[in-house]
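Examination of the molecular architecture
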Amino acid sequence: MRAYCVQSEGAAAQLCDLDVPVPGPGQVRVAIKACGLNFADLLMQKGTYQDTPPAPFTLGMEIAGVVDEVGPDVSSLMPGDRIAVYSGKDGLAEFGVFDADRAIPLPDAMRFEDAAAIQIAYGTSHMALDYRARLQPGETLLVTGAAGGVGLTAVEIGKLMGARVIAQARGAEKLAVAQAAGAEHLIDTSEDLRERVKALGGADVVYDAIGGDVFKAAFRATNPEGRLLPIGFAGGEVPQIPANHLLVKNLTVIGFYIGGYLKFRPEAVRNSFETLFQWHTEGRIKPHISHTLPLDDVAQGMQLLKQRKSTGKIVITP
């Protein structure tokens, strides 16, 4: 089978030929129909992601497909079942072997592409805003990187939760995408983020996917008792948080990494995904997929991510 692999530490990822894997006890083999790309895939190629597997490994963190074979001791799934799996790796391939207890059945009407696009981006935003930040109706939510893979879902979910959403993104086209997802106020990256947000009454919750100076500006525009979620550092700089300002303004900075919950509270992730799949079935959320590419073009998809030329998700269809 073909797969997009990192063959050795520090080596560039590339398409390679591998043997079709055989499921072991408690595992299933899946014919992969769709795999979502994530910024973390770029970091894994460089070995800088917090959960980078040891080489060699196959990239691709979230998949949807059809069960092809079940391993010993698996009774919950059968060949032909349509499932989604947040796998963390091994998704950019024609087949993959995954733990059966991570599989979530797909609603009959859900496309594989949508299922692959929902898990990490929507799951991150849903758990961060609801489970961790306790966003309340009527509060003001500031989302930076609001047209990106996770940022756009934060806009959509924040709106669903009854918040007033301020979106920051680069350029009119990306801001229009955020507005279509439910943002009421739009701020271009060329504008003074702190002053614009303060003029709008400040932020009660900040969902920041950029880091660096953007986080610093958002931090200074947060209202007393506000909560800040440093979700990612697409800008390249991890911000240093002044603890004295936390004290003076009674602010809370909340760490959140959805992958960590798979290790100590996996049921929280499953509950979130099941909620999101139900919302999708009800038409309450609709993933924005800007590019759908075959496995042969996965390198192009990675470049689109790196150059920030995509909006929402890029999905690969092996």
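Structure: see above.
Since the model is a prediction, treat every value here as computed from it, not as a measurement. (Residues numbered from 1 in each chain as written. Predicted model: local features only at pLDDT ≥ 70, side-chain atom pairs only at ≥ 80, totals over all residues. Heavy atoms only, no water.)

**Describing the nonpolar core**
Nonpolar side chains tend to gather and get buried jointly when the protein is soluble and globular. Counted only if it meets this: Only buried Ala, Val, Leu, Ile, Met, Phe, Trp, Tyr and Cys residues count toward a nonpolar core, and they belong to the same one when joined by side-chain atoms within 4.5 Å. For each residue, the accessible area found with a 1.4 Å probe, counting protein chains only, is set against the maximum for its type, and the residue is called buried under 20%, exposed over 50%, and partly exposed in between. The helix count covers DSSP runs of H or I at least four residues long, the strand count covers runs of E at least two residues long, and both are numbered beginning at the N terminus.
Counting residues in hydrophobic clusters, the biggest one holds 85 residues, and the most contacted among them are L59, L92, L129, L141, Y207 and L229. Residue contributions to this core peak at 10 residues, all from helix α2 (residues 112-132). L193, L200, F215 and L251 belong to the second largest nonpolar core, which has 15 residues in total.

**Focus: the packing of aromatic side chains**
Put simply, the test is: Pairs were defined over the aromatic rings of Phe, Tyr and Trp, the Trp ring being its six-membered one, requiring ring centres within 6.5 Å. Orientation was assigned from the angle between planes: stacked under 30 degrees, edge-to-face over 60, tilted for the rest.
A full pass over the atoms with the stated rule returns 6 aromatic pairs. Ring centres of F256 and Y261 lie 5.7 Å apart, and the angle between their planes is 35°; this geometry places the pair in the tilted category. Its relative accessible area of 9% is what places F256 among the buried residues. Judged by relative accessible area, Y261 falls into the buried class, the value being 8%.

**Brief notes about unusual backbone geometry**
Looking along the chain, the bond that leaves A55 and enters P56 is cis, with omega of 0°. As for its position among the elements, P56 is in the loop between α1 (39-46) and β4 (57-58). We note that D73 has phi near 70°; this positive angle belongs to a residue other than glycine. Here D73 shows up in the loop between β5 (62-70) and β6 (82-86). A positive phi is found at R308, a non-glycine position, where the angle reads about 55°. Considering the arrangement of structural elements, one finds R308 in the loop between α10 (298-306) and β16 (313-317). Given the relative accessible area of 36%, R308 is considered partly exposed.

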